[in-house]
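Coordinate analysis (summary)
If you want the building blocks of each chain, they are given just below.
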Amino acid sequence: MKIKISKRFEKEALAINDKRIKEKIQQVLIQAQVIESLSSIDNLEEMSGYPHYYRIKFDYRYRIGIYCDGEVIEFLRVGSREGFYKKFP
C-alpha cells in the first residue's frame, strides 16, 4: 500500500524526545509500506463513529491516527494517549 504522511504527523513525531518511541514509529511506517491489506497492521482499531479512521496502538502510552480509503494510508497524528483522543479525528 502507498503511504502519505501529513505535516502535522511529521511535526508531532519530531517533538517526541524519546528515541525508543521514534524507532517504534519508524517500524510502523515500514510495516505500512509492505502490507497488502489494512488488517495486517498490528494493534489497529477503527475509530467508532468515524468510518475509514483508525488508530494504531504502538506503545502503552502512544497512538498513531491514520485515514485509509482504498490503496492509500494517510498518517495524520501521533501522540500520547492522554491527548490523542481529544484531537483525533
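Data block above holds the structure.
What comes next is a walk through the structure. (Residues numbered from 1 in each chain as written. Predicted model: local features only at pLDDT ≥ 70, side-chain atom pairs only at ≥ 80, totals over all residues. Heavy atoms only, no water.)

Before going further, it helps to spend a moment on the nonpolar core. Ile-25, Phe-58, Ile-64, Ile-66, Ile-73, Phe-75 and Val-78 are the most contacted members of the largest nonpolar core, which has 22 residues in total. Where this core is concerned, the elements lending two or more residues are α1 (7-15), α2 (19-34), β3 (53-57), β4 (62-68) and β5 (72-80). When residues in this core are grouped by element, the largest group, 5 residues, is from α2. Setting aside chain neighbours within four positions, we find Ile-73 in contact with Met-1, Lys-2, Ile-3, Lys-4, Ala-32, Ile-35, Leu-38, Ile-41, Ile-66, Tyr-67 and Cys-68. (Core = buried A, V, L, I, M, F, W, Y, C linked by side-chain atoms within 4.5 Å. Buried < 20%, exposed > 50% of the residue type's maximum accessible area, 1.4 Å probe, protein only. Helix = DSSP H or I, 4+ residues; strand = E, 2+ residues; numbered from the N terminus. Contact = heavy atoms within 4.5 Å.)

Backbone-to-backbone hydrogen bonds pair the strands of a sheet. The strands run either parallel or antiparallel. Spatial ordering of the open sheet is given by β1-β5-β4-β3-β2, a layout of 5 strands whose pairing is mixed. Of all the strands in the sheet, the pair left with one neighbour each is β1 (2-5) and β2 (44-46). Pairs of neighbouring strands in the sheet enclose a mean axial angle of 30°, with direction left out of account. Two elements, β2 and β3, share 3 bridges in a ladder whose sense is antiparallel. The residue of β3 that forms the bridge with Leu-44 is Ile-56. Along the sheet, α1 makes contact with β1, β4 and β5, crossing β5 at roughly 35°. Contacts from α2 reach β1, β3, β4 and β5 within the one sheet, and its direction differs from that of β5 by about 165°. (Pairing = 2+ DSSP bridges. Axes fitted to C-alpha atoms, helices over the stretch in contact; angles between N-to-C directions.)

On to the pairing of β5. Bridge analysis of β1 against β5 gives 4 bridges, and the strand direction is parallel. Bridging from a neighbouring strand, Lys-4 pairs with Glu-74 of β5. Here β4 runs beside β5; their pairing, made up of 7 bridges, is antiparallel. Bridged to Ile-64 within β5 is Val-78. Connecting β4 to the next strand, β5, in antiparallel fashion are 3 residues, including Gly-70 with a positive phi near 105°.

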